[in-house]
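The primary structure of each chain is shown beneath.
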Amino acid sequence: MAAAGGGWPAVCEKFRAARTLSAVESLKDPETEPYRSKYSARALLQEVKQLLSAAEEGGEAVVAVRRAVLEYELGVNHTDTEELSAGEEHLQRCTQLLEPHRLSPDCVSLYIQAQNNLGILWSQRDEIETAQTYLETAEALYNQYMKEDGNPPLDPSEHFMAEEEKLTDQERSKRFEKAYTHTLYYLAQVYQHLDMIEKAAQYCHTTLKRQLEYCGYYPVEWARNAATLSQYYLSKECFMEARHCLAAASVIFSQAGQVPSTEDADETEPDQQDLPERKAEIARCWIKYCLNLLQSARKLLEDNIGELDPDRQLELKAQRKKEEDEKEKGRKKAVLFGTSDICDSVLAMEEKVSSIYPLDFQEAREVFLVGQNYVQEAKEFFQVDGYVTDHIEIVQDHSALFKVLAFFEEDYERRCKMHKRRIDMLEPIYADLNPQYYLLICRQLQCELADTYYEMMDLKVAIGNRLEKLDSHTVKKINSLAQFAIKYYELFLDSLRNPDKVFPEKLEEDVLRPAMVAKFHIARLYGKLITSDSKKQLENMQTSLEYYTFLVDYCEKYPDAVPAIETELELSKEMVNLLPASMERLRAKVSSFV
């Protein structure tokens, strides 16, 4: 027998008790003694280690593996109690004992798990490249084992089990695959830390697929990771993949609190109480999806003055019919998540919103409405009381949805109404903000409100140009919109002044373009104001000239500013040359009437 005092079964019992203390009892430890159960488990593991040394049975390889299991458990224990150096020593001893046999079915799973834990340990030390080495070793070993053997290997816990308690091949395979899924999960994080973003996304996608395949996931965590991955695909304009990730996230999230999806039936997901917030976060990812799809479509369709190009629209519609079906079939195979029942639910979710570029108003409106529904869902949780910044970002996204939808609208009056909706949602928020605490957000809102009024003014001018004669109502509306745009641009420029109200001589890089565009737009707006009073018209032209001149003088003094505002600078130079002559003609005209 292996040891006195109960023999081998007693040794196994102590080992099991130690694992129960670590995995189950430790969750109930009081805050004053957070590691009480972990320390008790460690003491038991040390006892088991002594008992093994007292009298061992089995061949040399068997003994080495059992010792390695204990070193592994002690390594994880010390890491859990934040004793990283001791944890590293035990894990290194574990891998040294296993090294000669690491590819055998008895050892491979344990070796991979030890490498995983060494990877985690070095990540905690912010030694990311060292962590990468351990995790890539684990990945390579898994691939080599599957290629050379492929049979389900022993789980580390089986080395302290009686023969009749050993796991089935199915259970062994499940646990081995789970260990490898952890390898990929940690590698995804390592690659992200190393800014290997594309590789990180690939590993994250593979991890998520495997977690579903082997039913080893927490629904909320899985959904959150899938939603996060969707944002990577959005950045690459891979809308089909982004939509699939979000649809899967929504479907899996709906399982939260219903059925345990992990292989450990007694485990519950840690952040169940955060369900409303997590749901709102997924809704925000859907908003970004709809917004990005619409904005990318706009880029494809707009002409050189930012209007919809009808010829390009017809060309893209013809091209889409030919390409899209085949393209989707090929790409879908690579990204699909889950088993057939999950797939059906995901596909049903996907059908609610397109993943192809909307090419006309009706198609754009369908995407817009989905985005708007998610805006309402996100705002239910992220309310202005308690979540000021989040709430404002969601409202800004809602405004951006209206802005891009307006691009697809041909009717100028209806387009104006969409921009008015943006004003109505942004102005009350801006009015309630204290710039002392929310300066950056105030500046964003000042610029957006100014740009929106500016856009509405341009649309009203275009509508007026279609009339035989401008009526007083249209004149009043154009002037009112121009004045509001000027007001918000001036508020933004005033926010850049120092406490003595002096405008900076040299602008910081992050505000250079917004400030120059604001100056340029104010110059143009003064030129658009309609008045029958020639004296007032001359004053407006003089103000306009001063703003154009500011741009030209600034760029002469600071040539490094030119690339940021090349187009505006060229137009400003033209106006600086033209306006004095126009003003002189107007003065002559005025004096001839005096």
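For clarity, every value in this text was computed on a predicted model and none was experimentally measured. (Residues numbered from 1 in each chain as written. Predicted model: local features only at pLDDT ≥ 70, side-chain atom pairs only at ≥ 80, totals over all residues. Heavy atoms only, no water.)

## Some thoughts on helix 7 (residues 169-193)
An ideal rise of 1.5 Å per residue puts 36 Å on 25 residues; helix 7 measures up with 36 Å between its terminal C-alpha atoms. When we look at burial in helix 7, the residues that qualify are Arg 172, Phe 176, Glu 177, Ala 179, Tyr 180, Thr 181, Thr 183, Leu 184, Leu 187, Ala 188, Val 190 and Tyr 191. The secondary structure elements touched by the buried residues of helix 7 are helix 5 (108-124), helix 6 (128-148) and helix 8 (197-213). In the stretch just after helix 7, Asp 195 is the one whose phi turns positive, near 60°. (Helix = DSSP H or I, 4+ residues; strand = E, 2+ residues; numbered from the N terminus. Expected span 1.5 Å × (residues − 1). Buried < 20%, exposed > 50% of the residue type's maximum accessible area, 1.4 Å probe, protein only. Contact = heavy atoms within 4.5 Å.)

## Things to note about the domain arrangement of the protein chain
Each domain of the protein chain was delimited in the assignment, giving domain 1 (8-256) and domain 2 (521-593). Measuring from the centre of the C-alpha atoms in domain 1 to the corresponding centre in domain 2 gives 69 Å. (Domains from an automatic or database assignment.)

## Topic: the pattern of salt bridges
Pairing is possible between side chains of opposite charge, provided their charged atoms come close. For the coordinates displayed, the defined rule picks out 40 salt bridges. With a closest N to O distance of 3.2 Å, Arg 175 and Asp 155 form a salt bridge. Of this pair, Arg 175 sits in helix 7 while Asp 155 is found in the loop between helix 6 and helix 7, placing the two residues 20 residues apart along the sequence. With a relative accessible area of 31%, Arg 175 lands in the partly exposed category. One salt-bridge network, held together by shared partners, links Arg 224, Asp 274, Arg 278 and Glu 281. (Salt bridge = Lys/Arg side-chain N within 4 Å of Asp/Glu carboxyl O.)

## Description of the packing of aromatic side chains
Counted according to the given criterion, the structure contains 28 aromatic pairs. Pairing Tyr 453 with Phe 484 gives two aromatic rings, centres 4.9 Å apart and planes at 15°, and the pair type is stacked. Residue Tyr 453 is located in helix 17 (residues 439-465), and its partner Phe 484 is located in helix 18 (residues 472-495); the two are separated by 31 residues in the primary sequence. Relative to Tyr 489, the ring of Tyr 454 lies with its centre 6.4 Å away and its plane at 75°, an arrangement referred to as edge-to-face. Taken as a pair, Tyr 454 in helix 17 and Tyr 489 in helix 18 lie far apart in primary sequence, 35 residues in all. Neither Tyr 454 nor Tyr 489 differs from the other in exposure class; each is buried. Of the aromatic side chains, those joined through ring pairs into one cluster are Phe 239, Trp 286, Tyr 289, Tyr 357 and Tyr 374. Above the face of the Trp 122 ring, Arg 125 is positioned so that its terminal group lies 4.5 Å from the ring centre. A cation over an aromatic ring shows up here: Lys 519 above the ring of Phe 550, its NZ or CZ 4.2 Å from the ring centre. (Phe/Tyr/Trp six-rings, centres within 6.5 Å; stacked < 30°, edge-to-face > 60°. Lys NZ or Arg CZ within 6 Å of the ring centre and 35° of its normal.)

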